Amino acid sequence: MTASNQAHHGDPPPPDWGPPDERAGGQVLVRRAPGAVELSFNRPGKHNSFTDAIYAALLDLCAEVAGDRSVRVVVVRGEGGRAFAAGNDISSFLGFTSGADGVTYEAGIRRVLGALDALPQLTIAAIDGICVGGGLAVATMCDLRICTPASRFGYPIARTLGNALSAPIVLRCAAVFGDPVTREMLLASRLVTAERAYAVGAVLSVVAPGDLEAEVWSVIEGVRLAAPLTLETTKAQLRDGVAGYDPAADDARLEAAYGSADFAEGVRAFLAKEKPAFGG
């Protein structure tokens, strides 16, 4: 048995999460267990694609638990067994009339991801299935990732929407997956397998779907034995090390991408289930 598919069969069974607290009109489920909180994206029919309400619920939960020292771990996952999250709901872009709308949109996403990144608690992305676009941005902002063999990762936006990502999202992906794999995701529009993600260290382990919960709880149990201040300090040090970019220059690039004819064509084609005809 390799390190990539170890199951902790000798461990006691994980405790049950409490009953779900439905948020964002049921698009988000929040469950609690001793020392842990779980947020689950609940749009399985849409591959858990993100709406504004989902982002708002994630931001609210971060504010809720940030100062709660009884919470040691925050787990993020997707419902349905097919996707962690398949990016942002493309219909969100229909009201965009200029590149400035894209800059505003990305700024809002950065606030949510920044709040997740800033949590003092350990954060785990439990991934079962597709993890692309905004879903990958959330997963890479978590401290650790655990996935199943069928999971896939990527940012195929150059072949679908023709928009761009904020620099902190790209840089975080490079910090997690490495520069070459990040370039492959974004420049070649290729998805990365679970096996490859494990090989480059982007995921802690790859386990069968039936073992995913036990693997998550094996990490939670370890965190319960750890010194909270050590974990918080280490997280702050790592966060400071990757911080720093030119917001004005990045916003200018985002405005050009979101204001382009290619982006409008990408949104139209995606919603029409057609291949986009990008002109450059």
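Residue numbering note: each chain is counted from 1, following its sequence as written. Only residues with pLDDT of at least 70 are given local features in this predicted model, and only at 80 or more are side-chain atom pairs given and counted; all residues enter the totals for whole chains, interfaces and linings. Values reported for side chains reflect all heavy atoms of the structure, with hydrogen atoms and water molecules removed beforehand.

Caption draft 1: Representation of the overall build of the protein chain within the structure. In terms of helices and strands, the protein chain carries 11 helices and 11 strands. C-alpha atoms define the radius of gyration, and 2.2 Å times the number of residues to the power 0.38 defines the globule rule. In terms of overall size, the protein chain behaves like a compact globule, its C-alpha atoms giving a radius of gyration of 18 Å where 280 residues would be expected to give roughly 19 Å. Burial classes: relative accessible area under 20% of the type maximum marks a residue as buried, over 50% as exposed, and values in between as partly exposed (1.4 Å probe, protein chains only). Each of the 280 residues in the protein chain was classed as buried or not, and the buried ones make up 48%. In the protein chain, once contacts between residues fewer than 6 apart in sequence are set aside, the share between residues at least 24 apart is 70%. Computing the positive centroid from 25 side-chain charges and the negative centroid from 32, the protein chain places the two 3 Å apart. The numbering of helices and of strands both runs from the N terminus, where a helix is a DSSP run of H or I of at least 4 residues and a strand a run of E of at least 2. We call two residues in contact whenever any of their non-hydrogen atoms come within 4.5 Å of each other. For the purpose of charge, His is not counted, nor are the chain termini; Lys and Arg are scored as positive and Asp and Glu as negative. All charge positions are set by atom: Lys at NZ, Arg at CZ, Asp at CG, Glu at CD.

Caption draft 2: Layout of the sheet that holds strand β7 (residues 130-132). At least two bridges found by DSSP between two strands is the condition for calling them paired. The sheet built from four strands is open, its strands ordered β5-β7-β9-β10 with mixed pairing. Sheet topology places β5 (83-86) and β10 (192-193) at the edges, where each strand pairs with a single neighbour. With three bridges joining them, β5 and β7 adopt parallel strand pairing. Bridging across to β7, Ala-86 finds its partner in Val-132. Between N-to-C directions, angles span 0 to 180 degrees; the directions come from axes that are lines fitted to C-alpha atoms, helices contributing only their stretch in contact. Docked against the sheet, helix α3 (residues 134-141) engages β5, β7 and β9 (152-154), running at close to 90° with respect to β7.

Caption draft 3: Summary view of the layout of surface pockets. Two kinds of site are reported from a 1 Å grid over the protein atoms alone, namely cavities, where a 1.4 Å probe fits but cannot get out, and pockets, open sets with protein on both sides within 12 Å along at least five of seven lines, and residues are called lining when an atom falls within 4 Å of a point. Grid points are joined across faces, edges and corners, and a volume is the space filled by probe spheres set on the points. If you add up the space inside the largest pocket, you get close to 790 Å³. Around the largest pocket, the lining comprises 33 residues; the ones closest to its centre are Ala-86, Gly-87, Asn-88, Ile-90 and Phe-270. Breaking the lining of the largest pocket down by element, the ones donating at least two residues are α2 (99-118), β7, α3, α4 (157-160) and α11 (261-272). A total of three residues in the lining of the largest pocket trace back to one element, the largest contributor, which is α2. Among the residues making up the lining of the largest pocket, the classes are represented as 19 nonpolar, 10 polar and four charged. By volume, the second largest pocket is sized at about 430 Å³. Taken together, 20 residues make up the lining of the second largest pocket; nearest its centre are Cys-142, Asp-143, Arg-145, Arg-172 and Leu-238. Those elements giving two or more residues to the lining of the second largest pocket turn out to be β8 (144-147), α5 (167-177) and α9 (228-242). In the scheme used here, Gly and all other residues not listed as nonpolar or charged are polar, with Ala, Val, Leu, Ile, Met, Phe, Trp, Tyr, Cys and Pro taken as nonpolar and Asp, Glu, Lys and Arg as charged.

Caption draft 4: Layout of the side chain of Arg-110. The topology assignment puts Arg-110 in helix α2. Any N or O atom pair separated by 3.5 Å or less is treated as a polar contact, with the protein-specific requirement of one donor-capable and one acceptor-capable atom, and with residues adjacent in sequence counted only for side-chain atom pairs. Of the polar contacts made by the side chain of Arg-110, one reaches the side chain of Ser-166; its length is 2.9 Å.

Caption draft 5: Representation of the nonpolar core in the model. What we call a nonpolar core is a set of buried Ala, Val, Leu, Ile, Met, Phe, Trp, Tyr and Cys residues that are connected through their side-chain atoms within 4.5 Å. Counting 59 residues, the largest nonpolar core has Phe-41, Phe-84, Val-138, Phe-153, Tyr-155, Phe-177 and Met-185 as its most contacted members. Sequence-distant contacts of Phe-41, defined by excluding residues within four places in its chain, comprise Gln-27, Asn-48, Phe-50, Ile-54, Val-76, Arg-77, Gly-78, Glu-79, Phe-84, Ala-85 and Val-138. Grouped together as the second largest cluster of nonpolar side chains are 16 residues, Leu-122, Val-207, Val-216 and Val-219 included.

Caption draft 6: Representation of the packing of aromatic side chains in the model. Any Phe, Tyr or Trp ring, taking Trp's six-membered ring, that has another such ring centre within 6.5 Å forms a pair; planes under 30 degrees apart are called stacked, those over 60 apart edge-to-face, and the others tilted. Within this structure, the stated rule accounts for 13 aromatic pairs. Ring geometry for Phe-41 versus Phe-84: centroids 5.7 Å apart, planes at 85°, classification edge-to-face. Residue Phe-41 is found in strand β3 (residues 36-41), and its partner Phe-84 is found in strand β5; the two are separated by 43 residues along the sequence. Of the two residues, Phe-41 and Phe-84, both sit in the buried class. Ring pairs connect the aromatic residues Phe-93, Phe-96, Tyr-105, Tyr-258 and Phe-263, which therefore count as one cluster.

Caption draft 7: Spotlight on the packing of α2 against α5. Interaxial distance between α2 and α5 falls to 10 Å at its minimum, and their mutual angle equals 40°. Compared by their axis directions, α2 and α5 come out oblique. Of the residues in α5, those in contact with Glu-106, Ile-109, Arg-110, Leu-113 and Asp-117 of α2 are Pro-168, Ile-169 and Arg-172. The residue makeup of the contact of α2 with α5, split by class, is four nonpolar, no polar and four charged. Roughly parallel means an angle under 35 degrees; roughly antiparallel, over 145; roughly perpendicular, 65 to 115; everything else is oblique.

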